[in-house]
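If you want the building blocks of each chain, they are given just below.
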Amino acid sequence: MPLSDMQMKLIQESRVILVQNLHLTNEDAIVVISKAIKKELTIRKTTLELLEISTLSERTSFVRAVVKHVQDQIMENPEWRSNQVERYIEKFYQTLHKIMNPDPE
């Protein structure tokens, strides 16, 4: 499944938090995030394009699920795990939420 423009935006903007704060490489961060997005899209049997036009609660639920998948992957890897994971996962969530739910102007 090729990455959509929305997936690329989610990955590029949110990977910075994982790279800067949890010391993942760019490649590892991209793999972790894209795997989490694809997993949740498959579970929900949807696309990001459909999510973009869905309700705020559906988008928020999607973001929370993706963040949980990312957190699980990070906690499974002893090289990435730290006592600061929850703090940075919250920042990660905020970034994804902002991308999926931009402020109307």
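Heads up: the structure comes first, above all this text.
Residues numbered from 1 in each chain as written. Predicted model: local features only at pLDDT ≥ 70, side-chain atom pairs only at ≥ 80, totals over all residues. Heavy atoms only, no water.

What follows is about helix 4 (residues 56-76). The end-to-end C-alpha separation of helix 4 is 30 Å, in line with the 30 Å expected for 21 residues at 1.5 Å each. Residues of helix 4 that are buried: Arg59, Thr60, Phe62, Val63, Ala65, Val66, Val67, His69, Val70, Gln71, Gln73 and Ile74. (Helix = DSSP H or I, 4+ residues; strand = E, 2+ residues; numbered from the N terminus. Expected span 1.5 Å × (residues − 1). Buried < 20%, exposed > 50% of the residue type's maximum accessible area, 1.4 Å probe, protein only.)

Further remarks concern the environment of serine 61. Positionally, serine 61 belongs in helix 4. When its relative accessible area of 33% is taken as the criterion, serine 61 is described as partly exposed. Along the sequence, serine 61 and histidine 97 sit 36 residues apart, while their C-alpha atoms lie 9.7 Å from each other. Reaching out from serine 61, the side chain makes a polar contact with the side chain of arginine 44 at a distance of 2.9 Å. (Polar contact = N/O pair within 3.5 Å; in protein donor to acceptor, adjacent residues only side chain to side chain.)

Time to look at the pattern of salt bridges. Within this structure, the stated rule accounts for 2 salt bridges. The partner of glutamate 40 in a salt bridge is arginine 44, and the shortest N-O contact between them spans 2.7 Å. Within this pair, glutamate 40 and its partner arginine 44 are both found in helix 2 (residues 26-44), separated by 4 residues, close to a single helical turn. Relative accessible area serves as the criterion here: at 31%, arginine 44 is assigned to the partly exposed category. A salt bridge links lysine 68 to aspartate 72; the nearest nitrogen and oxygen atoms lie 2.8 Å apart. A residue pair is termed a helical-turn pair when its members lie 3 or 4 positions apart in one helix, as lysine 68 and aspartate 72 do in helix 4 at 4 residues. When its relative accessible area of 46% is taken as the criterion, lysine 68 is described as partly exposed. (Salt bridge = Lys/Arg side-chain N within 4 Å of Asp/Glu carboxyl O.)

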